[in-house]
Amino acid sequence: QVQFVESGGGLVQAGGSLRLSCAASGRTFSRYTMGWFRQAPGKEREFVGGFIWSTRNTYYEDSVKGRFTISRDNAKNTVYLQMNSLKPEDTAVYYCAATSAPTIYTIASGYDYWGQGTQVTVSS
């Protein structure tokens with residue numbers, strides 16, 4: 001079973017940047033599709049972006065296209081979410097998730113393994 005440790009969240013002003021990390025233990029990422037989700041208070045968990053490790057295919061939710069980028073570091077078994085031009089509406093707890101299916105699901109139920117989440121707060 002794979003486990004994740006997330007880090008990199010924090011408080012940033014609008015227009016700023018953060019890079020979230022999702023480090024895996026137990027198994028390597030190479031067999032998984034990775035997803036990033038976020039959940040704001042009182043809202044449903046929503047898809048941010050996904051990455052198929054084996055093919056490097058990516059897919060992003062429309063509101064983050066051009067601002068967020070998912071990347072990987074094979075040696076560190078880590079996936080990153082680089083977030084630029086942050087907006088107050090990006091404020092949420094961000095989660096990484098994984099599924100063994102070779103498909104980028106945009107719904108949370110498509111993923112089997114989850115990180116603990118990291119808080120991102122963007123001030124105006």
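Above this text you will find the structure in question.
As the structure is a prediction and not an experimental result, all values here were calculated from the model.

Asker: Account for the side chain of Arg 38, naming residues and giving values.
Answerer: Residue placement: Arg 38 occurs in strand 4 (residues 33-39). Overall, Arg 38 belongs to the buried group, its relative accessible area being 6%. Within the structure, Arg 38 has its side chain in polar contact with the side chain of Tyr 94 (distance 3.0 Å).

Asker: Kindly report on unusual backbone geometry, identifying the contributing residues and their values.
Answerer: A positive phi angle, close to 50°, is found at Asn 77, a residue other than glycine. On the secondary structure map, Asn 77 appears in the loop between strand 7 (68-73) and strand 8 (78-83). Judged by its relative accessible area of 12%, Asn 77 is buried. With a phi close to 50°, Ser 85 is a non-glycine residue in the positive phi region. By the secondary structure assignment, Ser 85 is in the loop between strand 8 and strand 9 (92-99).

Asker: Explain the packing of aromatic side chains residue by residue, including any values.
Answerer: Scanning the model with the defined rule gives nine aromatic pairs in all. Here the aromatic rings of Phe 37 and Trp 114 are separated by 5.2 Å at their centres, their planes lie at 55°, and the arrangement is tilted. Taken together, the residues span a long stretch of sequence, with Phe 37 in strand 4 and Trp 114 in strand 10 (residues 113-114) at a distance of 77 residues. On the basis of relative accessible area, Phe 37 is assigned to the buried category, the value being 0%. When the ring centre of Tyr 95 is taken as reference, the NZ or CZ atom of Arg 45 above it lies at 3.8 Å. If you follow Arg 45 out to its NZ or CZ, it ends over the ring of Trp 114, 4.8 Å from the centre.

What counts, and at which threshold
Residues numbered from 1 in each chain as written. Predicted model: local features only at pLDDT ≥ 70, side-chain atom pairs only at ≥ 80, totals over all residues. Heavy atoms only, no water. Helix = DSSP H or I, 4+ residues; strand = E, 2+ residues; numbered from the N terminus. Buried < 20%, exposed > 50% of the residue type's maximum accessible area, 1.4 Å probe, protein only. Polar contact = N/O pair within 3.5 Å; in protein donor to acceptor, adjacent residues only side chain to side chain. Phe/Tyr/Trp six-rings, centres within 6.5 Å; stacked < 30°, edge-to-face > 60°. Lys NZ or Arg CZ within 6 Å of the ring centre and 35° of its normal.

Function-wise, these values are silent; they only describe arrangement.
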